[in-house]
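Fold and contact review
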Amino acid sequence: MPILEAIRLAFGTIRAQKLKSFFSLIGAFIGVMFLIAVVSIVKGMDRYVQEDFAAKIFGINTFSVSRRPGFHAGEVSQALRRAWARRPQLYWDDYHAIRAALPPQDLVAIQSSNQAEGQAGAKTSSFLQVSGVSQDFFQIRDYEIADGRVFSPEEISHGVNVVVIGRDVADSFFTGQDPVGQTLRIAGFPYTVIGVVQKQGTVFGISLDRFALAPYTSPIKTVVNPRKVVDEIIVKAPTLAGMRDAMDQVEAVMRTRHHLRPYQDDDFSLTTQQDVLSFWAKISRVLYTALPLLVGVSLVVGGIVIMNIMLMAVAERTREIGIRKSLGARRRDILAQFLVESATLSTTGAVLGILAGLALARIVQAVSPLPMGVSPLSIVIGVALGVGVGMIAGVYPANRAAKLDPVVALRYE
Amino acid sequence: MSGSVIRTIGLKRDYPMGGEVVHALRGVDLEILPNEFVAIMGPSGSGKSTLMNLIGCLDTPTAGQYWLAGTEVSRMTDDELARVRNRQIGFVFQTFNLLPRATSLHNVELPLIYAGLPARERRRRAVEALASVGLGDRMDHKPAELSGGQRQRVAIARALVTEPSIILADEPTGNLDSTTSEEIMKIFEELYRGRGQTIVMVTHEADIARHAARVITLHDGVVSSDKRQAA
């Protein structure tokens, strides 16, 4: 019997027995749905972390110097935590030394942050994210000024109480007014708003526009870090090779300043975008390892369900098999009929699973900031798994059908 | 042996039954020529169903030879027998044995699908066969939507559509009332007289057997009488 004829016949049977067919394809459906949804979501997160997150949070060819590592892949032991706590602080002088050691095309900036109470007019917020930063910070972060201007070198050297704010801060404290020239009180001290940074958007649903930046020399220093201590020193080089060189330089400078002997480990941390990425790679690897297991279990269960349904179908249709044999169907015709039916069932399940998986990924995309990364390969694998599971599950029932004795089958009631 | 449609020599069929062996056929010698209308009669247990299965190539003999249209089929494999059933034999069963979910047209097309005919040719021949049994207007009906007599006519159309060497009818009127039975027998007579179709019919009803030109009676697995009669 030609294959198309067999597929048409299979769809006829599926239509005739809707409920039973639904149950038999649910296994393949769920398995493939998981496959598609998880792959799409993980791929989306992947793209997000690589293109958006790492670039937005960190910037390209950028690294930071800090007392503790920014991202640490793996578990942090108590001992390690204590060792980090014993490390020396970073100071303004470290920043000056690094700035002096690096070529002029490298950008170097201080960033020290804290939460403080902000107030303007009748509006008060206890959780304003404030940072003391130096000149290059805006360039490193690629901040475009929407209104006003950034600090001048004089304002930094004199520690003038001026502030550049993010879009969200501008909108919430100065609704409907021009924020530039207004006064924003941070921890009770007045700062003049001199600029607003263009909207940055969100990462994982968290706004990147809720900040206030003041010169690190201004009174903000009492809020973020007393006694000339610095949270981190950020360095951005024009090229990747430039960043590697700068990292070597910075390491040498810091080791000298901390009087480290050759056998001693660094007592400071350099964190790059790569560290963030490898941290993420570790998470996604776990997801990808768990995925085949998840999909495998539902497909095996689905296969067993299909096999049972097909065995029932063979028993129920013994008479039909007898009739077909009496009319000239060979063993392989009957075998093909039931194999195709079983494969059609599970493939239908798989195709529906692909649609549901894509829908699920789309829902995740709609309610979260994650983009959707559809993988054509996962769709191909989904369909192949559907056909494969159906074929394998169908072999035993189909073989039983093919071997039926026509005399016995025709008499079957 | 040439010339005969069916020729059996010492046909035997044993069935193991528990620890014993049942000898359903004990050596049947039979010759049926083209354009014969033969009724096989006998009480239940006489072996007529077993003979029917062997003639219909649904089963193979324990011993003896069976020649169908000049070819020995008694030693054939399953798949070869399937091919013979498809090309040489048209079955008409007591219980009609139509596929319940398929239309009349599809039921009649079925043997042609297994013969590997293209769809257009299949349809043409199925339509023709249905028209020849007077069901040209019932092609899209399913068996449940047809009367018993109509169902049996669909089955006859299905048997005819491959232009087989023999039509093998197993109690074809067993599930029909007497009026309808007469209609069905009229069709068989027309096929026999009009088209020269060879027909072998198993029945236990003398009224039905009267339509045949030759009556073979089985008793305890052997032929006990073989008479020609004026139909």
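As the structure is a computational prediction, the values presented were derived from the model and not from experiment.

We now examine the overall build of chain A. Of the regular secondary structure elements, chain A holds 14 helices and 14 strands. Compactness check: chain A gives a C-alpha radius of gyration of 33 Å against a globular reference of 22 Å for 413 residues, more than 25% above the reference. Taking the principal axes of the C-alpha coordinates as reference, chain A spans close to 105 × 60 × 35 Å. For chain A, the residues scored as buried account for 47% of the 413 residues in total. Contacts in chain A between residues far apart in sequence, at least 24 positions, make up 77% of those at least 6 positions apart. Carbon and sulfur atoms make up 60% of the accessible area of chain A, which amounts to about 20000 Å² in all. When the 42 positive and 34 negative side-chain charges of chain A are each reduced to one mean point, those points stand 11 Å apart.

Time to look at the overall build of chain B. The number of helices and strands found in chain B is 7 helices and 10 strands. In summary, chain B has a C-alpha radius of gyration of 17 Å against a globular reference of 17 Å for 231 residues, a match within 12%. Dimensions of chain B, computed from the C-alpha atoms along their principal axes, are close to 50 × 40 × 40 Å. Within chain B, the fraction of its 231 residues that count as buried is 53%.

In an α-helix, one turn spans 3.6 residues; hence positions three or four apart end up facing the same way. Relative to the 20 Å expected for 14 residues at 1.5 Å per residue, helix α1 (residues 3-16) of chain A spans 20 Å between its end C-alpha atoms, a close match to the ideal helical length. Along α1 of chain A, the positions that sit buried rather than exposed are Glu5, Ala6, Leu9, Ala10, Thr13 and Ile14 of chain A.

This part covers the packing of aromatic side chains. Scanning all chains against the criterion turns up 11 aromatic pairs over all chains. A ring pair is formed by Tyr95 of chain A and Tyr216 of chain A, whose centres lie 5.9 Å apart and whose planes are at 80 degrees; its orientation type is edge-to-face. Taken together, the residues Tyr95 of chain A in helix α4 (residues 92-101) and Tyr216 of chain A in the loop between β11 (212-215) and α8 (221-224) connect sequence positions 121 residues apart. Ring centres of Phe91 of chain B and Phe93 of chain B lie 5.3 Å apart, and the angle between their planes is 10 degrees; this geometry places the pair in the stacked category. Overall, Phe91 of chain B belongs to the buried group, its relative accessible area being 2%. Relative accessible area serves as the criterion here: at 9%, Phe93 of chain B is assigned to the buried category.

This brings us to the pairing of strand β8 (residues 189-197) of chain A. All names here are of chain A. In the sheet, strand β5 (residues 145-148) pairs with β8 via 3 bridges, with the strands oriented antiparallel. Each residue of the ladder has a partner; that of Ile145, found in β8, is Val197. Alignment of strand β6 (residues 162-165) against β8, held across 4 bridges, turns out to be parallel. Bridge pairing links Val163 to Val193 in β8. Hairpin remark: strand β7 (residues 183-186) followed by β8, antiparallel, with 2 residues in the connecting loop; positive phi at Ala187, about 50 degrees.

With that settled, the discussion passes to the sheet that holds strand β6 (residues 89-92) of chain B. All names here are of chain B. Spatially, β6-β7-β8-β3-β9-β10 is the arrangement adopted by the 6 strands of the open sheet, whose pairing is mixed. On the outer flanks of this sheet lie β6 and β10 (222-228), each paired with one strand and no other. With direction set aside, neighbouring strand axes in the sheet form an average angle of 20 degrees. Here β6 runs beside strand β7 (residues 166-170); their pairing, made up of 4 bridges, is parallel. Across the sheet, the residue bridging to Ile89 is Ile166, located in β7.

Here we come to a nonpolar patch on the surface. Residue and element names in this part refer to chain A. Together, Val351, Leu352, Leu355, Val383, Val387, Met391 and Ile392 give the surface a local cluster of nonpolar side chains, amounting to about 570 Å² of exposed area. Elements that contribute at least two residues to the nonpolar patch include exactly α12 (331-367) and α13 (376-402). Along the chain, Val351 falls in helix α12.

Turning our eyes to something else, we now look at unusual backbone geometry. Even without being glycine, Ala187 of chain A reaches a positive phi, approximately 50 degrees. Structurally, the position occupied by Ala187 of chain A is in the loop between β7 and β8. The backbone phi angle of Asn35 of chain B is positive, close to 60 degrees, even though this residue is not glycine.

So, on to the interface of chain A and chain B. Opposite the 23 residues of chain A that make contact, chain B presents 21 residues. When chain A packs against chain B, the two sides together hide about 2200 Å² of surface, and 55% of this comes from carbon and sulfur. Applying the counting criterion to the chain A and chain B interface returns 1 salt bridge. Between Arg331 of chain A and Asp78 of chain B there is a salt bridge; the shortest N-O distance is 2.7 Å. At the junction of chain A and chain B, the tally comes to 7 residue pairs in polar contact (both at pLDDT 80 or more). Broken down by secondary-structure element, the contributors of at least two residues to the side of chain A that touches chain B are α1, α11 (318-326), α12 and α14 (406-411) of chain A. Considering each element in turn, the side of chain A that touches chain B owes the most residues, 6 residues, to α11 of chain A.

Moving on to the sheet that holds strand β5 (residues 71-72) of chain B. Residue and element names in this part refer to chain B. The strand order β2-β1-β4-β5 describes an open sheet built from 4 strands, whose pairing is antiparallel. This sheet does not close on itself; its edge strands, each paired only once, are β2 (20-32) and β5. The pairing of strand β1 (residues 6-17) with strand β4 (residues 63-68) spans 5 bridges and is antiparallel. Residue pairing in the sheet places Ile6 in a bridge with Leu68 of β4. Of the strands in this sheet, β1, β2 and β4 are in contact with helix α1 (residues 48-55), which crosses β2 at around 60 degrees.

Below, the discussion takes up the packing of helix α10 (residues 273-316) of chain A against α12 of chain A. All names here are of chain A. Two numbers describe how α10 lies on α12: the axes approach to 11 Å, and their chain directions differ by 140 degrees. Here α10 is positioned oblique relative to α12, judged by the angle of their axes. The element α10 and its partner α12 pack so that their crossing is right-handed. Counting all contacts with α10, which are made through Ile306, Met310 and Val314, the residues of α12 involved are Phe338, Glu341, Ser342, Leu345 and Ser346. Its residues placed into classes, the contact of α10 with α12 shows 5 nonpolar, 2 polar and 1 charged.

We now examine the pattern of salt bridges. Residues and elements named next belong to chain A. According to the stated counting rule, one finds 24 salt bridges over all chains in the structure shown. Among the ionic pairs, Arg257 bridges to Asp94, the shortest N-O distance being 2.5 Å. Highlighted residues: Arg257 in helix α9 (residues 240-257) and Asp94 in helix α4, separated in sequence by 163 residues. Asp94 gets classed as buried once you look at its relative accessible area, which sits at 4%.

All right, on to the environment of Leu128 of chain A then. All names here are of chain A. Tracing the backbone through its elements, the reader meets Leu128 in strand β4 (residues 123-133). Between the C-alpha atom of Leu128 and that of Ser172, which follows or precedes it by 44 residues, the distance is 11 Å. Once residues lying within four places of it in the same chain are set aside, the contact partners of Leu128 are Asn114, Gln115, Ala116, Gly118, Val169, Phe173, Leu184, Ile186 and Ala212.

Conventions adopted
Residues numbered from 1 in each chain as written. Chains lettered and ligands numbered in written order. Predicted model: local features only at pLDDT ≥ 70, side-chain atom pairs only at ≥ 80, totals over all residues. Heavy atoms only, no water. Helix = DSSP H or I, 4+ residues; strand = E, 2+ residues; numbered from the N terminus. Rg over C-alpha atoms; globule rule 2.2 N^0.38 Å. Buried < 20%, exposed > 50% of the residue type's maximum accessible area, 1.4 Å probe, protein only. Contact = heavy atoms within 4.5 Å. Areas by Shrake-Rupley, 256 points an atom, 1.4 Å probe, with all protein chains shown as cover. Lys, Arg positive; Asp, Glu negative; His and termini not counted. Charge placed at Lys NZ, Arg CZ, Asp CG, Glu CD. Expected span 1.5 Å × (residues − 1). Phe/Tyr/Trp six-rings, centres within 6.5 Å; stacked < 30°, edge-to-face > 60°. Pairing = 2+ DSSP bridges. Axes fitted to C-alpha atoms, helices over the stretch in contact; angles between N-to-C directions. Patch = residues over 30% accessible without salt bridge, like charges linked within 9 Å, V, L, I, M, F, W, Y side chains within 5 Å. Salt bridge = Lys/Arg side-chain N within 4 Å of Asp/Glu carboxyl O. Buried area = accessible area lost by both parts, 1.4 Å probe. Polar contact = N/O pair within 3.5 Å; in protein donor to acceptor, adjacent residues only side chain to side chain. Parallel < 35°, antiparallel > 145°, perpendicular 65-115°, else oblique. Left-handed = near helix turned anticlockwise from the far one by under 90°. Nonpolar A, V, L, I, M, F, W, Y, C, P; charged D, E, K, R; others polar.

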